[in-house]
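# Observations on the three-dimensional arrangement
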Amino acid sequence: MLERERIYKYHGLGNDFVVLDRRQTGVDIDAELSRWMCDRRRGIGADGVLCLLPSQEGLARMVVHNADGSIAEMCGNGLRCAVKYLVDHGGGRPERLQVETGAGLLACVPGYEAGGVAEVDISMGPARLVAPNLPSGATGQPFVEAPIPDHLGLRGTAVSMGNPHLVLLGHPLYEAERLGPVLEHHPSFPDRTNVEFVRVDPDGLTVVVWERGCGLTQACGTGACASAAAAVLAHRLPADTWLRVTLPGGDLQIRVPSDLSEIRLRGPVAAVFEGVVTIPAAR
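Within each chain, residues carry numbers counting from 1 in the order of the written sequence. Where totals are concerned, whole chains, interfaces and linings use all residues; where local detail is concerned, this predicted model gives features only for residues with pLDDT of at least 70, and gives and counts side-chain atom pairs only at 80 or more. In computing side-chain properties, one takes all heavy atoms of the structure into account and sets aside hydrogens as well as water.

Inclusion rule: UniProt positions are given in the numbering used here, feature names are shortened, and annotations may be inferred rather than shown by experiment.
Under an unreviewed UniProt entry, the name given to the chain is Diaminopimelate epimerase, and the source organism is Stigmatella ashevillensis. If you open the UniProt record of the chain and go to Subunit (unreviewed entry), you find "Homodimer." Annotation of the chain in UniProt includes, under Function (unreviewed entry), the sentence "Catalyzes the stereoinversion of LL-2,6-diaminopimelate (L,L-DAP) to meso-diaminopimelate (meso-DAP), a precursor of L-lysine and an essential component of the bacterial peptidoglycan."

### Here's the deal with the nonpolar core
To keep it simple, the criterion reads: For this analysis, a nonpolar core means a set of buried residues of the types Ala, Val, Leu, Ile, Met, Phe, Trp, Tyr and Cys, connected via side-chain atoms within 4.5 Å. Think of it in three bands: residues with accessible area under 20% of the maximum for their type are buried, residues over 50% are exposed, and the middle band is partly exposed, with areas taken using a 1.4 Å probe on protein chains only. Secondary structure elements follow DSSP: runs of H or I no shorter than four residues count as helices, runs of E no shorter than two count as strands, and numbering proceeds from the N terminus. Contacts are assigned to residue pairs that have any heavy atoms within 4.5 Å of one another.
Core analysis: the largest hydrophobic core is formed by 58 residues, its most contacted members being L79 and I254. For this core, the element with the most residues is helix α5 (residues 221-233), which contributes 8 residues. Among residues more than four places away in sequence, those in contact with L79 are M62, M74, V99, T101, L106, C108 and I122. In terms of nonpolar packing, the next biggest core, distinct from the first, is built from 16 residues, I7, L20, V63 and V277 among them.

### Considering unusual backbone geometry
In this model, L13 sits at a positive phi of 55°, which is unusual for a non-glycine residue. Tracing the chain through its elements places L13 in the loop between β1 (3-12) and β2 (15-21). Classification of L13 by relative accessible area gives buried; the value is 11%. Positive phi is not limited to glycine here, since L260 has a value of about 60°. For L260, the location among the structural elements is in the loop between β16 (250-255) and β17 (264-268).

### Thoughts on the environment of G275
Secondary-structure assignment places G275 in strand β18 (residues 270-279). Separated by 268 residues in the primary sequence, G275 and I7 place their C-alpha atoms 5.6 Å from one another. Each residue touching G275, except ones within four places of it in the same chain, is listed here: E5, R6 and I7.

### A few points about the pattern of salt bridges
For the record, the criterion: A carboxyl oxygen of Asp or Glu within 4 Å of a side-chain nitrogen of Lys or Arg is what we treat as a salt bridge.
Counted by the stated rule, this structure contains 16 salt bridges. Between K9 and D16 there is a salt bridge; the shortest N-O distance is 3.4 Å. Two residues, R40 and D16, come together in a salt bridge whose shortest N-O distance is 2.8 Å. On the criterion of sequence distance, the pair formed by R40 in the loop between α1 (31-38) and β3 (48-53) and D16 in strand β2 is long-range, its members being 24 residues apart. What you see here is one network of salt bridges that share partners, running through K9, D16, R40 and D47.

### Re the UniProt feature "binding site: substrate" (unreviewed entry) in the chain
This is how the line gets drawn: Whether a set of points on the 1 Å grid over the protein atoms alone is a cavity depends on a 1.4 Å probe fitting there but being unable to get out, while an open set qualifies as a pocket with protein on both sides within 12 Å along at least five of seven lines; lining residues are those with an atom within 4 Å of a point. Think of a polar contact as two N or O atoms within 3.5 Å of one another; within protein, one of them needs to be a possible hydrogen donor and the other a possible acceptor, and neighboring residues in sequence only count if both atoms come from side chains.
Per the UniProt record, the feature "binding site: substrate" (unreviewed entry) sits at N15, N66, G76, N77, N163, N194, E211, R212, G221 and T222. The annotated residues contributing to the lining of the largest cavity are N15, N66, N163, N194, E211, R212 and T222. Looking at where N163 falls in the secondary structure, it is placed in the loop between β10 (155-160) and β11 (164-169). In this structure N163 comes out as buried when scored by relative accessible area, which is 3%. Setting aside residues up to four positions removed in sequence, N163 forms contacts with E73, M74, N133, N194, R212 and T222. One polar contact links N163 to H165, side chain to side chain, over a distance of 3.0 Å. With respect to the helices and strands, the residue N194 is situated in strand β12 (residues 194-201). You can call N194 buried: its relative accessible area is 3%.

### A word on the side chain of K84
Position of K84 among the secondary structure elements: in helix α2 (residues 76-88). At 3.0 Å, the side chain of K84 forms a polar contact with the backbone oxygen of V117. Setting aside its immediate chain neighbours within four residues, K84 contacts Y10, V117, V269, A270 and A271.

### Things to note about the pairing of β2
To keep it simple, the criterion reads: At least two DSSP bridges between two strands are required for those strands to pair. Look down the strands so they point away from you; if going from the first strand over the helix to the second traces a clockwise path, that crossover is right-handed.
The element β2 is largely enclosed, with a buried count of 6 among its 7 residues. Both β1 and β2 contribute to a ladder of 5 bridges, which runs antiparallel. Paired with G12 across the bridge in β2 is N15. The hairpin turn running from β1 into β2, its antiparallel successor, is 2 residues long, and L13 in that turn takes a positive phi close to 55°. In terms of strand pairing, β2 meets β3 through 5 bridges, oriented parallel. For D21, the partnering residue across the bridge sits in β3 and is L52. Chirality of the crossover, the property in question, places the unit of β2, α1 and β3 among those that are right-handed.

Put into structure tokens, the structure is as follows:
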């Protein structure tokens, strides 16, 4: 028997997601279904699937499924989409809500316009230089500069925002498509890594992200946060102020404290459509 499921499509700066509300059943999806839903020719089309499950701590637990079927610990654009969905379909206009993620329980503040939630301000948790998903996980030592294969002649900054990132400050943006897939599989990162190609501007950053499990995307919230944290660490931008991070899909605002203890992200979010899909028996 073919299954039918109601789906909701949202995007944050063009980084698009299928949202599944499975808080009633508590059943997550598998990698095969995630790949089918994200397929832009044979499925619905998205960078990822956000499966909302019951949570004892927050309004929901968000599981992020990448387009290749892998699971991401955290996704800033996805979290904003999840928050808009939860408010759109929960009634009322809460000033603050909490969502459980792979990076912990995160506080989210919706920003309203006449049509509902237009942007979301998120506590993204700390930026970590020592974490199991970074090269530092093997050494136990702070790992600020991540060596990249010598034949590429690059050095970068390894940062965990719950998920791993390799930030290349000052490296040409156009190299993202060529070097991104190579660096995603760098052997020093046990779970692969996202890769940020960053231009430091006088008033902020311009960033192109090769996302682990997705490839080039229009925007990446955790990538914007990792890039801003690396720029602050390198004394290229000031701490404790809102910084502009421009991605292909538009601008995010990131605030990095000097101790990296709680990164904040603020950016727009929009609903695209909702509908009912029939899930193929064999995918």
